[in-house]
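Chain residues, written in single-letter form:
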Amino acid sequence: MAFLVALNGVGVTQNVPQRQMTNARRRNQELHVINTLQCWRTVSECRKISVEKQRHGTKSEMYRRGLQELDDSGLVLDACQDIAIIVGFLAACSYLLQDVRKAASNSLQMLTLLMYWSRATEAVRSAGSLYARIINETRNTAILQSILQKSPTVNPRLECPEFHFGGGAVEFDDLSFSYDGHREVIKSLSFTVKAGQKVAIVGQTGSGKSTIFRLLSRHFDPSHGRILVDGQDLCHVSLDSYREVLGIVSQNTILMNASIRENVAYPCFDASDEHIISACKAAEIHETIMQLPKQYDQEVGGLAGKLSGGENQRLVLARLYVQDPKIVLLDEATSNLDGTTEQKTWALLNTFCRGRTTFIITHRLSTIQNVDKIIVIEQGAKTEEGTHAELIANGESSYLASLKAQNSSQVWS
Ligand SMILES: Nc1ncnc2c1ncn2[C@@H]1O[C@H](COP(=O)(O)OP(=O)(O)OP(=O)(O)O)[C@@H](O)[C@H]1O
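Report on the accompanying structure. Everything quoted here is computed from the prediction, not taken from an experiment.

Rules used in this analysis
Residues numbered from 1 in each chain as written. Predicted model: local features only at pLDDT ≥ 70, side-chain atom pairs only at ≥ 80, totals over all residues. Buried ≥ 20, exposed ≤ 12 C-beta atoms within 10 Å, placed from the backbone. Helix = DSSP H or I, 4+ residues; strand = E, 2+ residues; numbered from the N terminus. Arc of directions from axis to C-beta. Contact = placed C-beta atoms within 7 Å. Pairing = 2+ DSSP bridges. Axes fitted to C-alpha atoms, helices over the stretch in contact; angles between N-to-C directions. Near = placed C-beta within 6 Å.

## What to know about helix H8 (residues 273-282)
1) Next: Looking at H8, one finds that the buried residues are Ile 276, Ala 279, Cys 280 and Ala 282. Each buried residue of H8 lies within a common arc of 160° when the element is viewed along its axis, so the set occupies one face. Exposed residues lying more than 90 degrees from the buried face of H8 are Asp 273 and Glu 274.
2) Next: Against helix H7 (260-264), helix H9 (286-290), helix H10 (309-323) and helix H11 (339-353) lie the buried residues of H8.

## Looking at the sheet that holds strand S2 (residues 184-193)
1) Next: Within the open sheet, the 4 strands sit side by side as S2-S1-S4-S5. Their pairing is antiparallel. Only two strands of the sheet have a single partner each, and these edge strands are S2 and strand S5 (232-233).
2) Next: As paired strands, strand S4 (residues 224-229) and S5 are joined by 2 bridges and run antiparallel to one another. Following the sheet pairing, Val 229 is matched in S5 by Gln 232.
3) Next: The strands touched by helix H5 (residues 209-216) are strand S1 (170-178), S2 and S4; relative to S2, the strand with the most contacts, the crossing angle is about 65°.

## A few points about the site of the ligand
1) Next: In the region of the ligand, the neighbouring residues are Tyr 179, Val 185, Gly 203, Thr 205, Gly 206, Ser 207, Gly 208, Lys 209, Ser 210 and Thr 211.
2) Next: Take the shell around the ligand: its biggest share by element is 3 residues, from H5.

## As for unusual backbone geometry
1) Next: Of note in the backbone geometry, Gln 295 takes a positive phi value of approximately 50° without being a glycine.
2) Next: Mapped onto the fold, Gln 295 is located in the loop between H9 and strand S8 (299-300).
3) Next: Accessibility expressed as a C-beta count within 10 Å gives 13 for Gln 295, which makes it partly exposed.
4) Next: A positive phi is found at Gln 379, a non-glycine position, where the angle reads about 45°.

## Structural notes on the pairing of strand S11 (residues 373-378)
1) Next: With 5 of 6 residues buried, S11 lies mostly within the body of the structure.
2) Next: Examined bridge by bridge, strand S3 (residues 198-203) and S11 share 5 bridges and lie parallel to one another. Within S11, the position partnered with Ile 201 by the bridge is Ile 375.
3) Next: Where S11 lies against strand S12 (residues 381-386), 5 bridges are found, and the strand directions are antiparallel. If you follow Val 376 over to S12, its bridge partner there is Glu 384.
4) Next: From the end of S11 to the start of S12, which pair antiparallel, there are 2 residues, and Gln 379 there has a positive phi angle of about 45°.

In structure tokens form, the structure reads like this:
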């Protein structure tokens, strides 16, 4: 019996690396499927469907082989166990038969021993498979734990006081930030915005504009310095209470896989139909919705994206109107719209944002000439700040240079 237990333990332990490798192959195969589906347009446009099929086939084959090897080694272990059980059984029988012959034991005792043997070997087998499961689950738990132990990008500080909106004055106070703890993406950034003002943040690609929005919407905490909103340090107020006053429109917002009604009402589940429809009218998407087969019940979103980029963006604007936030962040909010619709949308946005503190990221300088302040960012640092008139009055201004250089396209480069 001791030999059987040892055999089980050794067999299961030796299987552990193989089992882990098979699990890794399964994850690899699943990730490939998800990634290919997410990028299916690129795959199709680059004529790589057959390549991805082949890659999928290779990964599936590796996983299948891993499973097969696991099965094979399981069969070898089972066979060894069976042999050990039979040998043990025969040894016990011959020992007992001798005892019965010598009249040292009776046939009832022999039967009891045989039943004991059968139960004990069954228990050892079950213990073996339980041991294998425990080892497997322990490894999975270790992976899960390493994910759970990753430090969050923001400290949620559940005990923090609520944020109290007091008009929406914002101050960046000597703020620096690095994603990886090495390269500073935002460097000693300081500026103030009065309650209700409109501010544009402009700069070249990769200069750090969206990172400023991520910090302002508190997806990350600063590495140094602080952001004060109405005098309250964002790191020391509850995240939910702050996010309640914040409305964000980004260039590439992916819609939920749900109806148009649910998507537009997502920030306020109890929004009435009238409210949703008037928001969609304001975002100039109502007419398009009414032409869809199921109108406001039409399912949109998901990986395939069932609306055009511009229609998507207008739905996101409608969502902003439903949310009615006090502070608005617009990150290339109208970049997917055609010129005429963009102009109309900016007129609507200007009306909507009146009196709300508004931050705008845009490469189209023509849309920000009436804002209260323009901040120019270069490699994470503020290089210029002022109104459109102030910046163009400075002959050395990089804003002016960009405006002149791109006068025809009106795009920052
Ligand atoms: N999640 C991230 N992890 C690490 N580095 C990042 C991350 N997001 C952005 N970066 C880096 O931070 C820098 C600033 O990026 P950011 O997206 O803020 O630029 P941007 O000015 O908004 O650019 P664009 O105008 O192209 O949108 C870039 O060098 C970018 O590579």
